[in-house]
Each structure stands twice: as C-alpha cells, then as structure tokens.
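# Close look at the chain arrangement
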Amino acid sequence: MEQIWLNEAFKGKVPNGFQGKVGWSSPSNIALVKYWGKRGKQLPQNPSISFTLSECRSETFISYEKADRFGFQFFFEDKENPAFGAKIEKFLMDNQAFFPFVNQLHLKVESRNTFPHSSGIASSASSMSACVMCLLDIEYWLARIERQRAGIFSVVPQKASYFSRLASGSACRSVYPKMALWGATEAYEGSSDEYAVSLENDIHPIFKTYRDSILIVSGEKKSVSSRAGHGLMEGNPYASARYAQANENIKNLLTALKSGDLETFIRITESEALQLHALMMCSNPSFILMKPNTLNLISRIREFREETKIPLCFTLDAGPNVHLLYPENKADKVESFIKNTLSSYCADNNWIADHVGNGPKKLL
Ligand code: PMV
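Figured I'd write up the structure that's included with this text. (Residues numbered from 1 in each chain as written. Predicted model: local features only at pLDDT ≥ 70, side-chain atom pairs only at ≥ 80, totals over all residues. Heavy atoms only, no water.)

Bringing the site of the ligand into the picture now. Taken together, 14 residues sit near the ligand, with Tyr-35, Ser-170, Arg-173, Ser-226 and Asp-317 positioned nearest. One of the backbone N or O atoms of Tyr-35 is found 2.9 Å from an oxygen atom in the ligand. Between the ligand and the protein, one listed contact pairs an oxygen atom with a side-chain N or O atom of Asp-317 at 2.7 Å. For the shell around the ligand, a count of residues per class yields five nonpolar, six polar and three charged. (Near = heavy atom within 4 Å. Polar contact = N/O pair within 3.5 Å; in protein donor to acceptor, adjacent residues only side chain to side chain. Nonpolar A, V, L, I, M, F, W, Y, C, P; charged D, E, K, R; others polar.)

The following block contains the structure:
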C-alpha cells in the first residue's frame with residue numbers, strides 16, 4: 001500500500017498563485033474491541049472495531065499558499081497554539097515522501113472541537129482525521145487533472161484512513177460512517193493493519209442508530225498518554241494472551257454485529273473495556289484510570305440492565321468516563337435513567353448525548 005501512495009504523491013512544482021482554503025469536520029470514534037499495543041510504523045498488535053460518533057467532532061480548516069519553503073501555523077479555538085500543532089507538524093515532516101508538496105506551501109491550520117476541551121474526551125482521532133482530509137483535499141486540488149482523468153473525484157476514504165493511522169492510530173477508524181474495523185483478521189476479507197475498512201454494510205440495522213451517552217466522570221487530563229500506554233504493552237506479562245483474546249473477540253463480535261445479537265455484543269463490549277483497564281493496572285509502571293464514580297456507574301448500569309432487561313451496556317476509553325451504549329428505541333427510558341440516577345455520579349452532572357454517525361463532512 002505504501003508504494004501506491006508514494007507513486008501517487010504529487011511531486012511537481014506548486015503553480016504560482018496556488019492558494020485557497022479547505023475545511024473538514026470529522027468525528028471521534030469509540031472502540032468496542034480495543035486497540036492497545038502497537039508495533040512498527042503505527043501498526044496495531046490486534047484488530048479493533050469502533051462506532052463512528054456523530055456529535056463529538058473536530059472542525060478543521062487549512063488555508064494554503066505557495067511559499068518558498070514549508071511554513072506552518074496552528075490555531076486552536078481562534079488562538080495560536082504551537083503545542084497543539086506540534087503533532088501535525090511532526091506528522092507532516094515524518095511523511096514528507098507522501099506529501100512533498102508541503103515544502104512549497106505555507107499552511108495555516110485552524111481547528112476547534114464541538115465538545116469541551118475539559119471533557120476528558122480524546123480529540124486525536126477526530127482532529128487528526130479532519131486534518132488528513134484537508135491535506136488530501138489540497139493534494140487533490142494540485143493533482144486534480146490527473147486524478148479526474150483516472151476517474152477519482154474526491155478524497156479516497158481508504159487513503160484518508162491510511163494517513164490518519166500514521167497521524168494517530170485510532171483516527172483511521174473515524175473516516176467511515178457507522179462502524180469500522182482496523183487490523184487484519186481472517187474473519188473479515190479485505191481487512192488490513194494499514195488502514196480501516198467500513199463495516200456499514202455488514203451490521204444489523206439496530207447498530208446503525210445506536211446511542212452513546214458519554215458520562216463525564218472527570219474532565220481532567222489523562223495521567224497516561226495513549227502513546228505511553230501502547231508502549232507499556234511491550235513488557236506486559238499478559239500481552240500475548242490479550243492479543244489472542246482480542247482476535248477471538250473480533251471474530252465473535254463481527255458475527256454478533258451482523259445478526260443483531262445484543263447479548264454477545266454486551267458481553268464482549270464490557271469485557272473489552274475492563275480488559276483495557278486491567279492491562280493498564282498490570283503494566284509496569286501501572287495506572288488506575290478509573291475513578292470511584294466510574295465503578296459506581298458500572299454497578300448502576302448493570303443493576304438497571306438486570307432489573308429492566310433493557311440491553312444497555314458500557315465501554316470505557318483510556319480514562320475514567322463511561323460510554324453508555326444502547327439501541328435508539330430504548331432512548332426515552334435510558335435517558336430518564338441517566339437524568340434521574342447516573343448524572344449524579346458525573347462531574348457537574350455532565351453528560352454528552354451522542355450516537356452513531358456518518359463520518360467526515362466537507363465544510364469548504
Ligand atoms: O489512537 P491512540 O493511539 O490514541 O490509541 C487509542 C487507544 C484506545 O482509545 C484506548 C482504544 C481504541 O481502540 O481507540
């Protein structure tokens with residue numbers, strides 16, 4: 001795959017007067033089977049599956065202008081923020097072979113998130129995928145005559161997924177509507193470690209409108225970055241058992257997603273969330289990212305499921321917040337439960353109503 005994109009890279013001279021502005025909005029995603037542990041050039045140790053979200057998004061604009069050398073500015077929520085931009089700048093410098101044209105451009109990146117910065121929601125998946133969509137749009141403008149001749153009329157999702165992966169692992173799953181699978185598995189033809197594939201046509205309709213209410217236990221910054229967390233898997237005594245189990249979970253979850261088997265969906269999703277945190281607890285050094293209210297919420301959710309038989313379940317990211325997942329047709333009952341019971345365990349009673357969404361949107 002690398003060779004295809006290297007061959008396709010626009011290597012010509014940027015024409016004089018080349019300038020403009022592109023913009024994309026791209027969503028966050030929440031993994032059901034978790035990616036935790038990587039190898040080589042941002043390749044996953046095991047496949048992962050996620051829901052693409054709808055409301056938690058990054059909106060990114062890039063203004064570009066021909067220049068003598070690479071120029072870069074990054075603005076977050078209207079304020080210049082070189083620290084936030086450093087990851088994008090590094091990505092561009094590390095991948096110059098794919099984007100040689102950036103050495104002839106001044107780029108001004110302006111980004112904002114639709115969710116509060118202090119909500120503890122990781123923004124790297126949404127922001128890096130939005131940024132890659134913009135970059136590929138600029139490349140498309142440069143090469144559009146050849147691309148259109150080849151029958152290509154917009155950014156190719158597989159290419160966007162490949163580069164989003166290089167920018168920030170799980171970002172590669174954000175470029176597809178509904179659900180995505182990243183990582184090679186014999187259970188799914190066409191799956192790859194290098195990019196995610198869409199599961200949109202292989203899931204039961206119930207999952208296409210699934211709800212994700214994000215219960216904000218704490219908005220504090222994570223005490224372990226996901227980069228450090230992935231690194232700790234290298235010395236983790238349970239690593240190989242984990243990768244084997246993740247592969248097994250992928251196989252069974254794919255079957256459950258197709259048939260709409262909610263019992264299996266719930267069992268695998270909750271087990272994956274707890275496993276992710278168990279792995280952090282037994283790494284060296286170890287991390288406990290759950291807070292007392294994370295456990296309180298988990299208990300209340302399980303009790304409510306037992307009592308009402310409503311098929312709601314939870315998952316966790318690498319942090320204390322709880323993602324409450326449930327079918328749309330149970331939304332009224334579950335939302336009353338959130339307002340009456342669960343929100344009291346949330347920081348400032350704060351929760352975000354999200355649901356499965358349709359992937360990136362072009363803004364400009
Ligand atoms: O994409 P990264 O490097 O931020 O890692 C994401 C890791 C988890 O969010 C914990 C799991 C996942 O698959 O998204």
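The rest of the description comes next.
Counting 80 residues, the largest nonpolar core has Ile-49, Phe-51, Leu-107, Phe-163 and Phe-265 as its most contacted members. At ten residues, the largest contribution of residues to this core is made by helix H3 (residues 124–142). Sequence-distant contacts of Leu-107, defined by excluding residues within four places in its chain, comprise Ile-62, Ser-63, Tyr-64, Phe-70, Gly-71, Phe-72, Gln-73, Leu-92, Val-102 and Ile-138. Counting residues in hydrophobic clusters, the runner-up holds 22 residues, among them Leu-297, Phe-304, Tyr-326 and Leu-342. (Core = buried A, V, L, I, M, F, W, Y, C linked by side-chain atoms within 4.5 Å. Buried < 20%, exposed > 50% of the residue type's maximum accessible area, 1.4 Å probe, protein only. Helix = DSSP H or I, 4+ residues; strand = E, 2+ residues; numbered from the N terminus. Contact = heavy atoms within 4.5 Å.)

Let's shift gears to the sheet that holds strand E12 (residues 322–326). Taken together, the four strands give an open sheet; going across it, the order is E11-E12-E10-E13, and neighbouring strands pair in antiparallel fashion. Edge positions in the sheet fall to strand E11 (313–316) and strand E13 (351–355), since each has one partner strand and no second. Direction aside, the axes of adjacent strands within the sheet are offset by 25 degrees on average. Taken together, the five bridges between strand E10 (residues 211–215) and E12 define a ladder with antiparallel strand orientation. Across the sheet, Arg-211 pairs through a bridge with Tyr-326, a residue of E12. Lying over the sheet, helix H9 (residues 262–281) contacts E11 and E12, oriented at roughly 30 degrees with respect to E11. (Pairing = 2+ DSSP bridges. Axes fitted to C-alpha atoms, helices over the stretch in contact; angles between N-to-C directions.)

Tallying each qualifying case throughout the model produces zero disulfides. For the unlinked cysteine Cys-131, the closest cysteine sulfur is that of Cys-134, found at 6.4 Å. Owing to a relative accessible area of 5%, Cys-131 belongs among the buried residues under this scheme. (Disulfide = S-S within 2.5 Å.)

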